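Notes for the structure review
Here are the chains, one letter per residue:
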Amino acid sequence: MAHELTWQIVRVLLYVVGLIAFAAFNAAYLSLLERKIPAWFQLRYGPKEVGPWGLLQPVADGVKLLTKQLLVQAESDVLLFKLAPVMVVVPAIMCLALIPFSEVLWARNINVGLLALFSFSAIHVLGTMLGGWSSYNKYASIAAARVVAQNIAYEIPLLLVMVTFVMVTHSMNLFDIVQQQAGGFWHWYLLRVQASPLMPVAFVIFFICMLAEANRAPFDMFEAESELVAGAFTEYSGMGFGLFFIAEYANVLVSCSLATVLFLGGWQCPFGLLPGLHWFLIKMYALCFVVIWVRWSFPRTQFYGLLNLSWKFLIPVAFLHLVLTAVMLKLF
Amino acid sequence: MWTYFKELGQGAWSLLVGMWITLRFAFQRPVTVQYPYASLQLPARFRGHIRLLLDEQTGQHKCSACMACERACPSGCIKLEGHKPEGATKRVVKTYTLDFTTCSLCGLCVESCNFDALDFSKDFNLAAFKKEEFIMDLVKRAEQERKK
C-alpha cells in the first residue's frame, strides 16, 4: 500500500516535470523552426550563427530574456499584471497532461478528457485579457477586447464540431477515441465519411478554430504588431513576455496534439504496423509545420474578416455537419 | 446564395494556391549572401573613394601633379604637392591627400585627369572610429597596393 502510494507520487512528479520540460523544449525549438521555416519560404538561411545550424539560438534567446528586467508600469494593476502570464501558461500545460501520447505514456486518463481539455484551454483567453487590461496601455486594452471577441466567435464552431464528434465516438475519453481509430488510416476520424460525409471539412474547421484559439497568424489579432505595437504583451518585458511566448507554443502543441488524437489516430500507425509514440510525434510535428506554414503564407485578416469567417462560414457549416451526422446516425 | 458558395470556394482555393507558392519557394536555394564572409561582385561602375591607378608596365602611379583634379574638385577635398626629383624629366606627386569626409563622389577629379592616373576604388567597408581615418594619403595607399 505504502509502496503503491510512493510510486503514485513519483509518477505524478515525473509527469509534472516531464510535461513542463516538454512544453518548454518545444517552445524553444518551435521558435527556432518558426524562424528557420519562413527563412526557407523567403529564400533566406535563418539563424545559423549560434551553434551548428543555429541550434543554440533558443538558448541564447532564453538567456537574453532571463537577464532582462521585469518592468512594471506604475499605473498597472500589479497583481493581475504579474499573474496573467502564469494564467496563460498553466492551463496549456494542464491540457498536455490530458493528452495520451502513446498506449503507455499518458499522465491522466479521465472519462471526460475532451471536456476537461476544452475547459482548461478556455482559461488562457482570460489570462491574455487580464494581461492586456492590467497593463494600463491603450494598445494592450484594444488587444484584450479583440482577443475576447475572437475567442468567443471561434469557440462556437469549435464546440459544435466537438459535439458532433462526441455523437460519433460515444466517448469523451481521449484514450478510447484513439483506440477506436486502430487499424489503418481509413479508420481515422478524418476519413470516417460513413459517419458524416463532412468529416474532413470538420477537421478543417477544427484546425482553423484551433489556430484562432491559439491566437496564431493569420488570426493573431491580439498581437497585431503593425497596429497594436505588441498587443496584449506591449508592457511585458523579460520573462513575463517569455511566459506568453512559451504559452503560445504550448497552445500550438496542445492544438496539434489534440488534432492528432481526435482526427489522425493518435499513436496508431496509418498502415496498422508498429503503433507507438513515434507515430504520434510524426503526426503532431507535421501539423506544427502546417501551423507555421499557414502563418507565413497568409497575411493577417482584418477584424471583420475574422468575425465574418466564423459567423458566416464556419458556424453554418458546423451546424450542417451536426444535422447531417444526426441524420446519418439515425438512418444507419 | 450562389455568391456565398462562390466566395467560399474561391477563398478556399486561394488559400491553397498561397500555401503551394510558399511551399515551392521553400525548396529553392537561398539568395542571401553571408555578408562578412562573402560579398557580392561590385558593379563595374561602382564609385568608391578615388585611388591612384598603377601603371601595369612600370608598377608606378602615373600622377604628374598637374593639379587638374585639385582645381576640378568642387568640395575642395583634394590637396596634392608635386616635385621634380634630381635628374628626372617629369614632375612627380609627393603627397596626395584626399579628405573623404567632404567628398561627394562626383567624379570630376577622375574626369579631369589627363594622365589616366585616377580611378574609383571598390572599397566600401569604410567604418572608422575617428574622423582622421578618412583623410587618406593616396600615395601611401598606392605604395601599399604595389607591394601586394
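Calculation notes
- Here, residues in each chain are numbered from 1, in the same order as that chain's written sequence.
- The lettering of chains begins at A and the numbering of ligands begins at 1, in the order of writing.
- This being a predicted model, a pLDDT of at least 70 is required before a residue's local features are given, and a value of 80 or more before pairs of side-chain atoms are given or counted; all residues contribute to the totals for chains, interfaces and linings.
- Side-chain metrics rest on all non-hydrogen atoms present in the structure, leaving aside hydrogens and water.
- Secondary structure is summarised from DSSP: a helix means a run of H or I of at least four residues, a strand means a run of E of at least two, and numbering begins at the N terminus for each.
- Both definitions apply: the radius of gyration is a C-alpha atom measure, and the globule rule equals 2.2 Å times residues to the power 0.38.
- Summary of the burial criterion: residues with accessible area below 20% of their type's maximum are buried, those above 50% are exposed, and those between are partly exposed, where the area comes from a 1.4 Å probe applied to protein chains only.
- A contact between two residues is defined here by any heavy atoms of the two lying within 4.5 Å.
- Working convention for charge: Lys and Arg count positive, Asp and Glu count negative, and His plus the chain ends are omitted.
- Note that the charge is assigned to NZ on lysines, CZ on arginines, CG on aspartates and CD on glutamates.
- Each Phe, Tyr or Trp ring, with Trp reduced to its six-membered ring, pairs with another whose centre is within 6.5 Å; inter-plane angles below 30 degrees give stacked pairs, above 60 give edge-to-face pairs, and intermediate values give tilted ones.
- Think of pLDDT as the predictor's per-residue confidence, scored from 0 to 100.
- In this text, buried Ala, Val, Leu, Ile, Met, Phe, Trp, Tyr and Cys residues form a nonpolar core when linked through side-chain atoms within 4.5 Å.
- One speaks of a salt bridge when a side-chain nitrogen belonging to Lys or Arg is within 4 Å of a carboxyl oxygen belonging to Asp or Glu.
- A cavity here means a set of points on a 1 Å grid, drawn over the protein atoms and nothing else, where a 1.4 Å probe fits but cannot get out; a pocket is an open set with protein on both sides within 12 Å along at least five of seven lines, and a residue lines either one if it has an atom within 4 Å of a point.
- Grid points are joined across faces, edges and corners, and a volume is the space filled by probe spheres set on the points.
- Only Asp, Glu, Lys and Arg are considered charged in this grouping, and only Ala, Val, Leu, Ile, Met, Phe, Trp, Tyr, Cys and Pro are considered nonpolar; every other residue, Gly among them, is considered polar.

This brings us to the overall build of chain B. Along its length, chain B carries four helices and five strands. In sequence order, chain B lays out its α and β elements as α-β-α-β-β-α-β-β-α. Computed over C-alpha atoms, the radius of gyration of chain B comes to 27 Å, more than 25% over the 15 Å expected from 2.2 N^0.38 for 148 residues, which places it beyond the range of a compact globule. With the C-alpha coordinates aligned to their principal axes, the bounding extent of chain B is approximately 100 × 35 × 30 Å. When each of the 148 residues of chain B is scored for burial, the buried share is 24%. Summarising the internal contacts of chain B: among those between residues at least 6 apart in sequence, 68% fall at separations of at least 24. Positive and negative charge centroids in chain B, built from 21 and 16 side chains respectively, lie 3 Å apart.

The full count for this structure, using the stated rule, is 22 aromatic pairs over all chains. Arranged with centres 6.3 Å apart and planes meeting at 75 degrees, the rings of Phe46 of chain B and Phe124 of chain B form a pair that is edge-to-face. Of this pair, Phe46 of chain B sits in the loop between helix H1 (2–26) and strand S1 (50–52) while Phe124 of chain B sits in the loop between strand S4 (118–120) and strand S5 (135–137), and the two are 78 residues apart along the sequence. On the basis of relative accessible area, Phe124 of chain B is assigned to the partly exposed category, the value being 34%. Taken together, the ring pairs connect Phe81, Phe233, Tyr236, Phe241, Phe244, Phe245 and Tyr249 of chain A into an aromatic cluster.

Here we come to the confidence of the model for chain B. Residues at a pLDDT of 70 or more form 100% of chain B, whose mean pLDDT is 85. Both scores are given for the predicted complex: the pTM is 0.81, the ipTM 0.76.

Glancing now at the nonpolar core. The biggest cluster of nonpolar side chains holds 92 residues, and the ones touching the most others in it are Tyr154, Met162, Phe206, Leu258, Leu262 and Phe263 of chain A. Excluding residues within four positions of it along the chain, Tyr154 of chain A makes contact with Ile208, Cys209, Ala212, Glu213, Phe219, Leu306, Leu309, Ser310 and Leu314 of chain A. By size, the runner-up hydrophobic cluster in this structure holds 23 residues, among which are Ile50, Cys77, Leu80 and Ala117 of chain B.

Before going further, it helps to examine the pattern of salt bridges. Residues and elements named next belong to chain A. The full count for this structure, using the stated rule, is seven salt bridges over all chains. Put simply, Glu34 and Arg216 hold a salt bridge, and the shortest N to O gap is 2.7 Å. In this pair, Glu34 is assigned in helix H1 (residues 2–41) and Arg216 in the loop between helix H8 (199–213) and helix H9 (225–228), connecting sequence segments 182 residues apart. Arg216 shares its class with Glu34; the two are buried. The residue Arg295 makes a salt bridge to Glu248 at a minimum N-O spacing of 4.0 Å. In this pair, Arg295 is assigned in helix H11 (residues 277–295) and Glu248 in helix H10 (residues 238–263), connecting sequence segments 47 residues apart. On the basis of relative accessible area, Glu248 is assigned to the buried category, the value being 9%. Connected via shared salt-bridge partners are Glu34, Arg216, Glu248 and Arg295.

Residue and element names in this part refer to chain B. Under the definition given, this model contains seven cavities of 30 Å³ or more. In this structure, the largest cavity spans a volume of roughly 110 Å³. Cys103, Leu105, Cys106, Gly107 and Cys109 are, among the 17 residues lining the largest cavity, the residues nearest its centre. In the lining of the largest cavity, the residues fall into twelve nonpolar, five polar and no charged.

Turning to the layout of surface pockets, a few remarks are in order. With a probe scaled to a water molecule rolled over the atoms, the places where space remains empty come into view. Approximately 1,100 Å³ is the volume attributed to the largest pocket. Lining the largest pocket are 31 residues, with Ile208 and Leu309 of chain A together with Gly11, Ala12 and Leu15 of chain B positioned closest to its centre. Counting residues per element, the lining of the largest pocket draws most heavily on H1 of chain B, at eight residues. Residues that form the lining of the largest pocket fall into these classes: 23 nonpolar, five polar and three charged. Taken as a whole, the second largest pocket spans an internal volume of roughly 690 Å³.

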